[in-house]
Amino acid sequence: ETNIWIGGESPNGFIQVYNIKNKSSTIEFDFGLSSVVDINLNGYTSWVLFTQGQENGIMKFIFDNKWQFRDSYTNFPFGGGRINCFSVNDSAIFLGTSAGVYFSNNQDNLKDPNSWNILIPSVVQEITSLEIMDESLFFSSINQIYKYELNDQLMSEIHSDNQYEYINNLLI
């Protein structure tokens, strides 16, 4: 089935799964969230980045004949800063924060702040967007775009003729 995941903001912060073919809502989750910041799908798992007041968190949903809420994660490393964006692949979750890029194996105990680690120690700046393509993580700061090879652990800047200011979103 082809579904659209929709996230809303206050006063009715919600998550809705809409079936395009049937032109109807399949299911709606109302957690009283302040906002849904981002949604990532990976197979039969959906991950939702949300804010509740001043706090960030990630919710996990799985598909087993229907979409079901599985868990919520709000314990992130001290000093990790505010979560601006995230991306997932089959093995890990990557967080773009105000203090760099963090990651955790998605099979680890995501409720334990010690399961989250800084991915690139030399990058201690605001991350505004990130996306995974194959084995590469593309991410941006306010004025630069980077590519990080996950297998080789090599980072490079993506150069352009343009001088960027206030980058806030990448899509690959």
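Everything here concerns the structure above.
A.B. asks: Quick question: what am I supposed to make of the pattern of salt bridges here?
C.D. replies: It is possible for side chains of opposite charge to pair when their charged atoms get near one another. This model, assessed by the stated rule, comprises three salt bridges. Asp-71 is paired through a salt bridge with Lys-111; the nearest N and O atoms lie 2.9 Å apart. With a gap of 40 residues between them, Asp-71 in strand S6 (residues 67-73) and Lys-111 in the loop between strand S9 (100-105) and strand S10 (117-118) connect regions that are remote in the sequence. For Lys-111, a relative accessible area of 37% gives the class partly exposed. The salt bridge partner of Glu-126 is Arg-82, with a shortest N-O separation of 2.5 Å. Note that Glu-126 is positioned in the loop between S10 and strand S11 (129-133) and Arg-82 in the loop between S6 and strand S7 (83-88), a separation of 44 residues in sequence.

A.B. asks: What's the story with empty space enclosed by the protein in this structure? I'm lost.
C.D. replies: Picture a little ball the size of a water molecule; that probe, rolled over the atoms, points out where space is still empty. Evaluation of the coordinates by the stated rule reveals one cavity of 30 Å³ or more. There is about 30 Å³ of room inside the largest cavity. Looking at the largest cavity, the residues that line it are Phe-76, Pro-77, Gly-80, Gly-81, Ile-83, Leu-95, Thr-97 and Tyr-102. Across the lining of the largest cavity, the residue classes break down as five nonpolar, three polar and no charged.

A.B. asks: Even after reading the chapter, I still don't get the environment of Asn-12, so can you show me in this structure?
C.D. replies: Within the secondary structure layout, Asn-12 lies in strand S2 (residues 9-19). Taking the C-alpha atoms as reference, Asn-12 lies 7.7 Å from Asp-30; in sequence the two are 18 residues apart.

A.B. asks: Help me understand the environment of Asn-117, please; the structure alone is not making it clear to me.
C.D. replies: Assignment of secondary structure puts Asn-117 in strand S10. Residue Asn-117 is classed as partly exposed on the basis of its relative accessible area of 37%. With 37 residues separating them along the chain, Asn-117 and Gly-80 place their C-alpha atoms 9.1 Å apart.

A.B. asks: Could you clarify how one ought to interpret the sheet that holds S10 in this entry?
C.D. replies: Paired through their backbone hydrogen bonds, the strands of a sheet run either parallel or antiparallel. An order of S7-S8-S9-S10 is seen for the four strands of this open sheet, with the pairing classed as antiparallel. In the strand order of this sheet, the two ends are held by S7 and S10, each with one partner. Strand direction decides the pairing type here: S9 and S10, joined by two bridges, are antiparallel. Among the inter-strand pairings, Phe-103 is bridged to a residue of S10, identified as Asn-117.

What counts, and at which threshold
- Along every chain, residues carry numbers that run from 1 in the direction the sequence is written.
- Local features in this predicted model are restricted to residues whose pLDDT is 70 or higher, and side-chain atom pairs enter the listing and the counts only when it is 80 or higher, whereas totals over whole chains, interfaces and linings include all residues.
- The side-chain numbers reported here are obtained from all heavy atoms of the structure, hydrogens and water having been left aside.
- A carboxyl oxygen of Asp or Glu within 4 Å of a side-chain nitrogen of Lys or Arg is what we treat as a salt bridge.
- Counting from the N terminus, the helices are DSSP H or I runs at least four residues long and the strands are E runs at least two residues long.
- Whether a residue is buried, partly exposed or exposed follows from its accessible area with a 1.4 Å probe, protein chains only, as a fraction of its type maximum: under 20%, in between, or over 50%, in that order.
- Points on a 1 Å grid, built from protein atoms alone, make a cavity when a 1.4 Å probe fits but cannot get out and make a pocket when they are open with protein on both sides within 12 Å along at least 5 of 7 lines; residues with an atom within 4 Å of a point are the lining residues.
- Grid points are joined across faces, edges and corners, and a volume is the space filled by probe spheres set on the points.
- For this classification, the nonpolar set comprises Ala, Val, Leu, Ile, Met, Phe, Trp, Tyr, Cys and Pro, the charged set comprises Asp, Glu, Lys and Arg, and every other residue, Gly included, is treated as polar.
- Strand pairing is defined by DSSP finding a minimum of two bridges between the two strands.

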